[in-house]
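Chain by chain, the residues:
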Amino acid sequence: MNIALFTGPQCSLCDDAKALLSQSSQASSITLTEYNIRENPEHYHLYAVRIPVLKREDNNAELGWPFSLQDLELFLQ
């Protein structure tokens, strides 16, 4: 499954989100692509106050911080 992670520079919450992803039961099937919102004005406009945000590339569903491992597992189903 392809997942986009919208992040920012020196984002400790983004590190927390990545740690949760690594704990997911589906971690081995996830391909993660990180997007620094400071490098794209559209991403910055959409996600500046919401990072980290995960976005599924198959259905465009988004999961914004804060989220738990349980929230993440439901998101990945």
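Quick note: structure is the one above.
On a predicted model such as this, the values are computed, not experimentally measured, just so you know.

K.L.:
What should I look at first to understand the pattern of salt bridges in this one?
P.N.:
A side chain of one charge can pair with a side chain of the opposite charge when the charged atoms of the two come close. Counted under the stated rule, the structure contains 4 salt bridges. Between Lys18 and Asp15 there is a salt bridge; the shortest N-O distance is 3.9 Å. Of this pair, Lys18 and Asp15 are both found in helix H1 (residues 12-23), 3 residues apart, which corresponds to roughly one turn of the helix. Judged by its relative accessible area of 28%, Lys18 is partly exposed.

K.L.:
Help me out: how do you make sense of the pairing of strand S1 (residues 2-7) in this one?
P.N.:
Within a regular strand, the side chains alternate between the two sheet faces. Extensive coverage of S1 is indicated by the burial of 5 of its 6 residues. As defined by bridge partners, S1 adjoins strand S2 (residues 31-36) across 6 bridges and the pair is classed as parallel. Bridge pairing in S2 places Ile3 opposite Leu32. Here 4 bridges tie S1 to strand S3 (residues 53-56), and the two strands are oriented antiparallel to one another. Across the sheet, the residue bridging to Phe6 is Val53, located in S3.

K.L.:
Help me understand the environment of Lys18 in this model?
P.N.:
Remark: the alpha-carbon pair of Lys18 and Thr31, spanning 13 residues in sequence, is separated by 12 Å. Residues within four places of Lys18 in sequence aside, it is in contact with Leu5, Leu32 and Glu34.

K.L.:
Help me understand the packing of aromatic side chains, please; the structure alone is not making it clear to me.
P.N.:
The geometry of an aromatic ring pair comes down to the distance between the two centres and the angle between the two planes. A full pass over the atoms with the stated rule returns 3 aromatic pairs. Through a chain of ring-to-ring contacts, three or more aromatic side chains come together here, namely Phe6, Tyr35 and Tyr47.

Scoring rules and cut-offs
The residue count restarts for each chain, going from 1 along the sequence in the order it is written. The model is predicted, so local features are restricted to residues of pLDDT at least 70 and side-chain atom pairs to those at 80 or more, both for listing and for counting; the totals for chains, interfaces and linings are taken over all residues. The basis for the side-chain values is all heavy atoms of the structure; hydrogens and waters are excluded. The salt bridge criterion pairs a side-chain nitrogen of Lys or Arg with a carboxyl oxygen of Asp or Glu, the two atoms within 4 Å. Each helix is a run of DSSP H or I of at least 4 residues and each strand a run of E of at least 2, with the numbering of both proceeding from the N terminus. Accessibility here uses a 1.4 Å probe with only protein chains present; expressed as a share of the type maximum, an area under 20% marks a residue as buried, one over 50% as exposed, and anything in between as partly exposed. For two strands to be treated as a pair, DSSP must find no fewer than two bridges joining them. Residue contacts follow a heavy-atom distance rule, with two residues in contact if any of their heavy atoms lie within 4.5 Å. Only centres within 6.5 Å qualify two rings of Phe, Tyr or Trp (six-membered ring in Trp) as a pair; their planes then separate them into stacked at under 30 degrees, edge-to-face at over 60, and tilted for everything else.

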